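Given next are the chains, with one letter for each unit.
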Amino acid sequence: MPNLARKKIDGSVLERTELHDRPIVFGRSEEADVQVHDERMSRRHFVIAPGDAGTYHLRDMQSTNGTWVNGRRIEEVALKANDKVRAGTTVWVFETEAPQEEATIISGSS
């Protein structure tokens, strides 16, 4: 399952948000689907929505500080594996599937 992994500066994963068949809003607001405690993010900062043929599109929601993908400020972009997304001071990586070691742990615990 594709996901957006929030990572620390050292690359370790803080949390993963699985992407499904509906749009998911990221932001500071309690009304956002994924609430992020980052004062440099807007209340409704960006949204990720499924597209055609298993693709996912990220769209900035007119945020004050912008949304950046691979160091470039974007309005909307189709995400590719390992794209780095930054909003405020928070960084995520778009993963097309969970890493193998985590998939094994998850499947082994059922």
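First things first, this report covers the structure right here in the doc. (Residues numbered from 1 in each chain as written. Predicted model: local features only at pLDDT ≥ 70, side-chain atom pairs only at ≥ 80, totals over all residues. Heavy atoms only, no water.)

## Topic: the sheet that holds strand 11 (residues 90-95)
Then comes step 1: On the basis of which strands lie adjacent, the open sheet formed by six strands has the order 2-1-11-10-7-8 and antiparallel pairing. Edge positions in the open sheet fall to strand 2 (13-18) and strand 8 (72-74), since each of these has one partner strand only. Each strand axis lies, on average, 30° off the axis of its neighbour in the sheet, ignoring direction.
Then comes step 2: Bridge count for strand 1 (residues 3-7) against strand 11 is four bridges, and the pairing is antiparallel. Residue pairing across strands places Leu 4 opposite Phe 94, the latter belonging to strand 11. (Pairing = 2+ DSSP bridges. Helix = DSSP H or I, 4+ residues; strand = E, 2+ residues; numbered from the N terminus. Axes fitted to C-alpha atoms, helices over the stretch in contact; angles between N-to-C directions.)

## Focus on the pattern of salt bridges
Between side chains of opposite charge, a pair can form when the charged atoms approach closely.
Then comes step 1: All chains considered together, the criterion is met by four salt bridges.
Then comes step 2: Across the pair Glu 15 and Arg 6 runs a salt bridge, and its minimum N-O distance is 2.9 Å.
Then comes step 3: Using a relative accessible area of 24% as the deciding quantity, one classes Arg 6 as partly exposed.
Then comes step 4: Among the ionic pairs, Arg 22 bridges to Asp 33, the shortest N-O distance being 3.9 Å. In this pair, Arg 22 sits in the loop between strand 2 and strand 3 (24-27) while Asp 33 sits in the loop between strand 3 and strand 4 (34-35), placing the two residues 11 residues apart along the sequence.
Then comes step 5: Several salt bridges converge on common partners, so that one network encompasses Lys 7, Arg 16 and Glu 95. (Salt bridge = Lys/Arg side-chain N within 4 Å of Asp/Glu carboxyl O. Buried < 20%, exposed > 50% of the residue type's maximum accessible area, 1.4 Å probe, protein only.)

## Re the pairing of strand 1
Then comes step 1: Looking at chain direction, strand 1 and strand 2 are connected through five bridges and run antiparallel. Among the inter-strand pairings, Leu 4 is bridged to a residue of strand 2, identified as Thr 17.
Then comes step 2: Hairpin connection of strand 1 to strand 2: five residues between the antiparallel strands, including Gly 11 at a positive phi of 95°.

As far as function goes, none of this settles anything; it's purely spatial.
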